[in-house]
Amino acid sequence: QVQLVESGGGLVQAGGSLRLSCVASGSIFSINDMGWYRQAPGKQRELVARVTAARRTNYADSVKGRFTISRDNAKNVVYLQMSSLKPEDTAVYYCYAHLSTIRAVGGDYWGQGTQVTVSS
């Protein structure tokens, strides 16, 4: 069974920074895209950032210039470095991966989420 486990969330003051990590484990054959999504209370889940296997990246307009996504393919880890955090960044952040297992071609997988709270 494939698991995505996030870590690094917490409480931070506005203007501060956090670094999220997500480790993918299980019977993984290959990982294509990885990314981060977030969901605030009363809002839909939205894309924050994603990175391809070739390390092509894209970001939501709201986080451009503040967040940086990166990955370590050898370790099956994706990171999200968040700087200049704002209260509106408060949300549960979810790790995402599009990957193939040793038995099945490409599918979508999600972590359980990690809470990020930014105080004024």
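Before going into details, it helps to say that this report is about the structure given with it.

**Digging into the state of the cysteines**
Going through the model one piece at a time under the given rule, you end up with 1 disulfide. With a sulfur-sulfur separation of 2.1 Å, Cys22 is cross-linked through a disulfide to Cys95. Judged by the sign of its S-S torsion, about -85 degrees, the bond between Cys22 and Cys95 is left-handed. Note that Cys22 is positioned in strand S3 (residues 18-25) and Cys95 in strand S9 (residues 91-101), a separation of 73 residues in sequence.

**What to know about the packing of aromatic side chains**
Inspection of the entire model under this criterion finds 3 aromatic pairs. Centroid distance Tyr37 to Tyr96: 5.7 Å. Interplanar angle 75 degrees. Geometry classified as edge-to-face. With Tyr37 in strand S4 (residues 28-39) and Tyr96 in strand S9, the pair connects residues that are 59 residues apart, well separated along the chain. Each member of the pair, Tyr37 as well as Tyr96, carries the same accessibility label: buried. Seen in terms of ring centroids, Tyr37 and Trp110 are 5.0 Å apart; in terms of plane orientation they differ by 65 degrees. Their pairing is edge-to-face. Residue Tyr37 is located in strand S4, and its partner Trp110 is located in strand S10 (residues 107-110); the two are separated by 73 residues in the primary sequence. For Trp110, a relative accessible area of 37% translates into the label partly exposed. Ring pairs connect the aromatic residues Tyr37, Tyr96 and Trp110, which therefore count as one cluster. Arg19 extends its terminal NZ or CZ atom over the ring of Tyr79, reaching a point 4.1 Å from the ring centre. Above the plane of the ring of Tyr94 lies Arg45, whose end atom (NZ or CZ) is 3.7 Å from the centre.

Calculation notes
Residues numbered from 1 in each chain as written. Predicted model: local features only at pLDDT ≥ 70, side-chain atom pairs only at ≥ 80, totals over all residues. Heavy atoms only, no water. Disulfide = S-S within 2.5 Å. Helix = DSSP H or I, 4+ residues; strand = E, 2+ residues; numbered from the N terminus. Phe/Tyr/Trp six-rings, centres within 6.5 Å; stacked < 30°, edge-to-face > 60°. Buried < 20%, exposed > 50% of the residue type's maximum accessible area, 1.4 Å probe, protein only. Lys NZ or Arg CZ within 6 Å of the ring centre and 35° of its normal.

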